[in-house]
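Understanding the architecture of this molecule
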Amino acid sequence: MRDIQIGGLVSFTTIDYPGKLAAVLFLVGCPLRCAYCSNPHLLNVGPGEYDPEKIYQWLQTRVGKLEAVVFSGGEALMQGDATISFMRRVRELGFAIGLHTNGFYPKMLERAAELVDWIGLDYKATREKYESLVGNAIAYDNMIQSLTFWQSTGKDFEVRITCDPRFIDKSDLIAIVRDLNARGVQTVAIQKYIAHFEDDAHKTTPEMREQFFNDPALRDQISALVPNTIWRE
Ligand code: SF4
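Summary of the structure given here. (Residues numbered from 1 in each chain as written. Predicted model: local features only at pLDDT ≥ 70, side-chain atom pairs only at ≥ 80, totals over all residues.)

Glancing now at the environment of W150. Among the structural elements, W150 can be located in helix α5 (residues 139-153). Take W150: there are 24 C-beta atoms within 10 Å of it, and that puts it in the buried class. Sequence spacing of W150 and G94 is 56 residues, and the spatial spacing of their C-alpha atoms is 22 Å. Not counting residues within four places of it along the chain, the set of residues in contact with W150 comprises L109, I119, L121, K155 and F157. (Helix = DSSP H or I, 4+ residues; strand = E, 2+ residues; numbered from the N terminus. Buried ≥ 20, exposed ≤ 12 C-beta atoms within 10 Å, placed from the backbone. Contact = placed C-beta atoms within 7 Å.)

Here it is, written out as structure tokens:
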């Protein structure tokens, strides 16, 4: 089995795992090509920038100082057994394990579930618009399969919607949250789209990006559907 490929590290964060001090590992590789991806350098599988053994040794020094390690990406489950085996080693150090995932690999999520305590799952657009945003025809169905499976575990999670106005309008957002409400989802994070690249910035304006956050009627409607809604502006 090849080593896990790690392309980035955040050594301390209070916002990537709810209620826990955490480190984040950014794993290389992703099957999707989202128009708003902020980590394009991580998309192709290749040699990671970080030596996994050095990261592991560093994590050993964080025992008692950090509470959780979040596997992010890219898509952390794309590396399959390498990810699962590294998760197991990290968990054995006593850390809670978080996973940020696009839900593309429901079978891998099932295999990782015994090691993972919490996930943040992306629900990127309505079913109709999903493919145009992520460049993959089966991504929506896979994500729903991952969501349904994770709900069956009874473990904690949040569903994240990034409001890129090129792919989501207010009625789409309500439709997505209605769907989540119907599925019994308890926690939804609505995230502002940040234009990371000059090209993106030319296609959207601050007003377009903020329209989801400065509309009290919209916020009320969404909070009525999912009371535990987190607004990440
Ligand atoms: S799923 Fe995440 S890492 Fe993959 S292309 Fe989309 S935004 Fe980028």
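Packing of helix α6 (residues 170-182) against helix α9 (residues 216-225) leaves a shortest axis separation of 9 Å and a crossing angle of 15 degrees. Classified by the interaxial angle, the pair formed by α6 and α9 is roughly parallel. Seen along the crossing, α6 lies across α9 with a hand that is left-handed. The residues of α9 that touch α6, namely those facing K170, I174, V177, R178 and N181, are L218, Q221, I222 and L225. Partitioned by chemical class, the residues of the contact of α6 with α9 number five nonpolar, two polar and two charged. (Axes fitted to C-alpha atoms, helices over the stretch in contact; angles between N-to-C directions. Parallel < 35°, antiparallel > 145°, perpendicular 65-115°, else oblique. Left-handed = near helix turned anticlockwise from the far one by under 90°. Nonpolar A, V, L, I, M, F, W, Y, C, P; charged D, E, K, R; others polar.)

This part is about the pairing of strand β6 (residues 156-163). Counting buried positions over the eight residues of β6 gives six, a clear majority of the element. As defined by bridge partners, β6 adjoins strand β7 (residues 187-192) across five bridges and the pair is classed as parallel. Residue V159 lies in a different strand from β7, and its bridge partner there is V188. Taken together, β6, α6 and β7 constitute a β-α-β crossover, and its handedness is right-handed. (Pairing = 2+ DSSP bridges. Right-handed = clockwise from strand over helix to strand, strands pointing away.)

Right, let's talk about the sheet that holds strand β2 (residues 22-27) for a bit. On the basis of which strands lie adjacent, the open sheet formed by eight strands has the order β1-β2-β3-β4-β5-β6-β7-β8 and mixed pairing. Every interior strand has two partners, whereas the edge strands, β1 (6-13) and β8 (228-232), have only one. Direction aside, neighbouring strands of the sheet carry axes that sit 20 degrees apart on average. Pairing between strand β3 (residues 68-72) and strand β4 (residues 96-101): four bridges, direction parallel. Across the sheet, residue V70 finds its bridge partner in β4, namely G98.

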